[in-house]
Amino acid sequence: MIEFVNWTDVFLEHYIFSIIISFLVIIVTLIISKFYKAKGNVGTFPDTTQLSEDSSSKQMDEEVRPAMLKHPVVVAEKVIEANMTDEQRQREHEVRRKQLSQIFELMQKQTEKFGDVSLTEIEEQFKLYQ
């Protein structure tokens, strides 16, 4: 069993160890950031025009590129939606309608909690989250 002469020795060892680890993390972070800056990959989005050459993809790029800096989630949704087939879009629409109807039924069952709500009100609120 290890005996410590003084508690300050234990704390001092942990303190010095944590400082050394902190400096190592900072140094590694600086090295990695300089590496990526040298490659030119920091803060940039990949050039999607090189990935696709057809006109629909170029049109999507023109719509999406200005929004990339603002809302990455919106960009992802547009990219996914652009790559969906008609059958997938129809299925997505059906799922949304089912979700709305289930929410509406739940709110109708609990009118004391939600009040009288119409389906159009729920649809309007649903649009806010799209």
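For clarity, every value in this text was computed on a predicted model and none was experimentally measured.

### Looking at the overall build of the protein chain
What the protein chain contains, in helices and strands, is six helices and zero strands. The N-to-C order of helical and strand elements in the protein chain reads α-α-α-α-α-α. Counting across all 130 residues of the protein chain, residues that qualify as buried make up 11%. For the protein chain, long-range pairs separated by at least 24 residues make up 13% of all intrachain contacts whose partners lie at least 6 apart in sequence. Looking at the protein chain as shown, the accessible area adds up to about 11,700 Å², and 60% of this sits on carbon and sulfur atoms.

### Some words on the UniProt feature "transmembrane region" (unreviewed entry) in the protein chain
In this structure's numbering, the residues bearing the UniProt feature "transmembrane region" (unreviewed entry) are residues 15-36. Segment residues 15-36 splits into 100% helix and 0% strand. End C-alpha atoms: 32 Å apart.

### So, the pattern of salt bridges
Going through the model one piece at a time under the given rule, you end up with three salt bridges. Its salt-bridge partner being R91, residue E94 comes within 3.9 Å of it at the nearest N-O pair. Of this pair, E94 and R91 both sit in helix α4 (residues 86-109), three residues apart, roughly one helical turn. E92 is the salt-bridge partner of R96, the closest N and O atoms lying 3.5 Å from each other. One end of the pair is R96 and the other is E92, both in helix α4 and four residues apart, which spans about a single turn. Exposure remark for R96: the relative accessible area of 32% places this residue in the partly exposed category. What makes E92 partly exposed here is its relative accessible area of 37%.

### Things to note about the confidence of the model for the protein chain
Chain-level pLDDT for the protein chain is 76 on average; 66% of the residues reach the 70-or-more range. Contacts for the low-pLDDT stretch residues 48-53, under 50 throughout, to residues beyond four places or in other chains number seven contacts.

### Side note on a nonpolar patch on the surface
On the surface, L12, Y15, I16, F17, I20, I21, L24 and V25 cluster together into a nonpolar patch covering about 790 Å² of accessible area. By the element assignment, L12 lies in helix α1 (residues 7-39).

### Thoughts on the packing of α4 against helix α6 (residues 119-128)
Relative orientation and spacing of two packed helices are given, respectively, by the angle between their axes and the distance between those axes. Two elements in contact, α4 and α6, have axes whose closest approach is 10 Å; the angle formed by their N-to-C orientations is 125°. As judged from the angle between their axes, α4 and α6 are oblique. For the crossing formed where α4 meets α6, the hand is right-handed. Across the interface between the two elements, R96, Q99, L100, I103, F104 and M107 of α4 pack against L119, I122, E123 and F126 of α6.

### With respect to the environment of M107
Relative to the assigned elements, M107 resides in helix α4. Overall, M107 belongs to the buried group, its relative accessible area being 14%.

Criteria and thresholds
- Residues numbered from 1 in each chain as written.
- Predicted model: local features only at pLDDT ≥ 70, side-chain atom pairs only at ≥ 80, totals over all residues.
- Heavy atoms only, no water.
- Helix = DSSP H or I, 4+ residues; strand = E, 2+ residues; numbered from the N terminus.
- Buried < 20%, exposed > 50% of the residue type's maximum accessible area, 1.4 Å probe, protein only.
- Contact = heavy atoms within 4.5 Å.
- Areas by Shrake-Rupley, 256 points an atom, 1.4 Å probe, with all protein chains shown as cover.
- UniProt positions renumbered as here; feature names shortened; annotations may be inferred.
- Salt bridge = Lys/Arg side-chain N within 4 Å of Asp/Glu carboxyl O.
- pLDDT = per-residue confidence, 0-100.
- Patch = residues over 30% accessible without salt bridge, like charges linked within 9 Å, V, L, I, M, F, W, Y side chains within 5 Å.
- Axes fitted to C-alpha atoms, helices over the stretch in contact; angles between N-to-C directions.
- Parallel < 35°, antiparallel > 145°, perpendicular 65-115°, else oblique.
- Left-handed = near helix turned anticlockwise from the far one by under 90°.

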